[in-house]
Amino acid sequence: MGIHLLLSRAKKPTDNAFVERWHETLQRCLLQLSGHKGRNVSQRGSDAGKIVVDKKGRAVFKGDGPSLTPRELELRLREFICTDYHRTRHGGLTVVDRTMEDRSPAVGMTPLEVFDALLAATGRLHVLQRPDLLYDLLPQLWLTIRHDGVEYKDLTFDCEELDDFRSVPKGLFRDRDRAAPFFMDPRDLSRLWFRRPDTGAVVEVPWRRAFQLQAPMTDLVLDAAAKAVKRRGGTNTTINKDSVQREILEAINDIASIDRLRANPDLVDWKPNKVAAAHLRESRSQFDHAEAAEAGARGTRRTRHGASSKGSRADASRSSTPPAFDPTQTAWPTLESQEGES
């Protein structure tokens, strides 16, 4: 999943003291969750979260309930940080009242109290808040839009949104050629993303055979499938592009089925845990893109509603509706202009 484990030095607790202390705090959240085993089996037991049959023949969960899905765990962690961690006094966040005597203990503060105190001293923090900020963080590819779509890693991607850009002159997107910028998400290579230069909207450009996929098409899965096809001579120059894509599709689908995976000698390095990790990466990618699309659509609806309203500027400034964010906007107004001039 792209995670690199960096080990701290032995007998050097100062190497990662802050992370270790956060793990200690995190235990307070995890111990409240059903299915959590704890640091060892003596806390909850090795069967926590599993289904067992009780003395009456009923199926029950060990450890007070079923284990959580990754999305449920993420929501619980967010809830814990907002309602517990940020509102609990921390020993490392202190302020000394100069009116007190020197022997008086320092006053512990919560993270929210410290944030409010620093906000009064330094002012607001201006943070970019575009709903489609996700695409600014993805790798960018420069691909030529042809009559049959765009090609990446021997795969053809296409959609109707590209019809207006199939015969563009040189220099529309960059000076030296007709290539256009696309966004690539390594967690889900069954689709690319293209930002229209006229509207700024980000559109999905799927792989032509994506509807036939039975496995998550991450970058690692695609590379493994391409190597398997190459080892058995499937990418030779006498085979046309459609045949290559069909062979890659079959190799990817072999990874989805444990029986077919074990029967394919070219995929001997692939294990079921790798398939599970690929499913997690793909599901997270789908959630992120759906969230960005929903936020962008919501911001567009607010913008249209605000443009059609006939209220005065003073009435608009007193409205409780938050300011609308246009997902196609590249430069945001300052916070002071959004709040209205005094």
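Anyway, here's the lowdown on the structure attached to this text. (Residues numbered from 1 in each chain as written. Predicted model: local features only at pLDDT ≥ 70, side-chain atom pairs only at ≥ 80, totals over all residues. Heavy atoms only, no water.)

Below, the discussion takes up the overall build of the protein chain. If you tally the helices and strands in the protein chain, you get 10 helices and 10 strands. Looking at the 342 residues of the protein chain, the share that counts as buried comes to 30%. Nonlocal contacts in the protein chain, meaning residues at least 24 apart in sequence, comprise 56% of its contacts between residues at least 6 apart. Approximately 23000 Å² of the protein chain is accessible, and the part contributed by carbon and sulfur atoms is 54%. (Helix = DSSP H or I, 4+ residues; strand = E, 2+ residues; numbered from the N terminus. Buried < 20%, exposed > 50% of the residue type's maximum accessible area, 1.4 Å probe, protein only. Contact = heavy atoms within 4.5 Å. Areas by Shrake-Rupley, 256 points an atom, 1.4 Å probe, with all protein chains shown as cover.)

On to helix α6 (residues 241–256). Its 16 residues place the ends of α6 23 Å apart at the C-alpha level, agreeing with the 22 Å of an ideal helix rising 1.5 Å per residue. Along α6, the residues that are buried comprise S243, V244, Q245, I248, L249, A251, I252, N253, D254 and I255. (Expected span 1.5 Å × (residues − 1).)

The topology assignment puts F115 in helix α4 (residues 111–122). Residues F115 and H86, spaced 29 residues apart in sequence, show a C-alpha to C-alpha distance of 9.8 Å.

Moving on, we get to a nonpolar patch on the surface. Taken together, F115, L125 and V127 make up a surface patch of nonpolar side chains, about 340 Å² in accessible area. Judged by its relative accessible area of 45%, F115 is partly exposed. (Patch = residues over 30% accessible without salt bridge, like charges linked within 9 Å, V, L, I, M, F, W, Y side chains within 5 Å. Salt bridge = Lys/Arg side-chain N within 4 Å of Asp/Glu carboxyl O.)

On to the packing of helix α5 (residues 219–231) against α6. Direction vectors running N to C along α5 and α6 enclose 120°, while the axes themselves pass 8 Å from each other. In terms of axis orientation, α5 runs oblique to α6. The interaxial crossing formed by α5 with α6 has right-handed handedness. Residues V221, L222, A224, A225 and V229 of α5 form the contact with α6, whose own contacting residues are E247, I248, A251, I252 and I255. (Axes fitted to C-alpha atoms, helices over the stretch in contact; angles between N-to-C directions. Parallel < 35°, antiparallel > 145°, perpendicular 65-115°, else oblique. Left-handed = near helix turned anticlockwise from the far one by under 90°.)

Here strand β10 (residues 202–206) shows one buried face, formed by V203 and V205, and one open face, formed by V202, E204 and P206. Two strands pair when backbone bridges link them, and strand β9 (residues 191–195) and β10 are joined in this way by five bridges, in the antiparallel orientation. Bridge assignment links L192 to a residue of β10, and that residue is V205. If you look at the hairpin formed by β9 and β10, you'll find six residues sitting between the two strands, and G200 has a positive phi there, around 80°. (Pairing = 2+ DSSP bridges.)

What follows covers the side chain of D185. With respect to the element layout, D185 can be found in the loop between β8 (179–184) and β9. With relative accessibility at 1%, the residue D185 sits in the buried group. Within polar-contact distance, the side chain of D185 engages the side chain of R187 at 2.9 Å. Not counting the four nearest positions on each side in its chain, D185 is found in contact with L138, S285 and H289. (Polar contact = N/O pair within 3.5 Å; in protein donor to acceptor, adjacent residues only side chain to side chain.)

With that settled, consider the nonpolar core. Counting residues in hydrophobic clusters, the biggest one holds 41 residues, and the most contacted among them are F182, L192, F194 and I252. The residues contacting L192, other than those within four sequence positions of it, are L141, L143, V150, Y152, F157, F182, F183, M184, V203, E204 and V205. Formed by six residues, the second largest nonpolar core is a distinct cluster that contains L134, L138, W193 and A292. (Core = buried A, V, L, I, M, F, W, Y, C linked by side-chain atoms within 4.5 Å.)

A word on the pairing of β8. Of all six residues making up β8, six are buried, and the element is well covered by its neighbours. The alternating pattern of β8 places A179, P181 and F183 on one face and A180, F182 and M184 on the opposite face, and all of these are buried. As paired strands, strand β5 (residues 140–144) and β8 are joined by five bridges and run antiparallel to one another. From the neighbouring strand, Q140 faces β8, where its bridge partner is F183. By the bridge criterion, three bridges tie β8 to β9 in an arrangement that is antiparallel.

We now examine the sheet that holds β10. Strand order in the open sheet made by the four strands is β5-β8-β9-β10, with antiparallel pairing throughout. Single-partner strands in this sheet number two, and they are β5 and β10. For this sheet, the mean angle separating the axes of adjacent strands, direction not counted, is 40°.

For the rest of this paragraph, the subject is the pattern of salt bridges. Pairing is possible between side chains that carry opposite charge, provided their charged atoms lie close to one another. Tallying each qualifying case throughout the model produces 25 salt bridges. The structure contains a network of salt bridges with shared partners spanning R71, E74, R78, D185, R187, R284 and D288.

A word on α4. Here α4 is 12 residues long and its end C-alpha atoms lie 16 Å apart, about the 16 Å a rise of 1.5 Å per residue gives. Positive phi appears at G123, one or two residues downstream of α4, with a value of about 90°.

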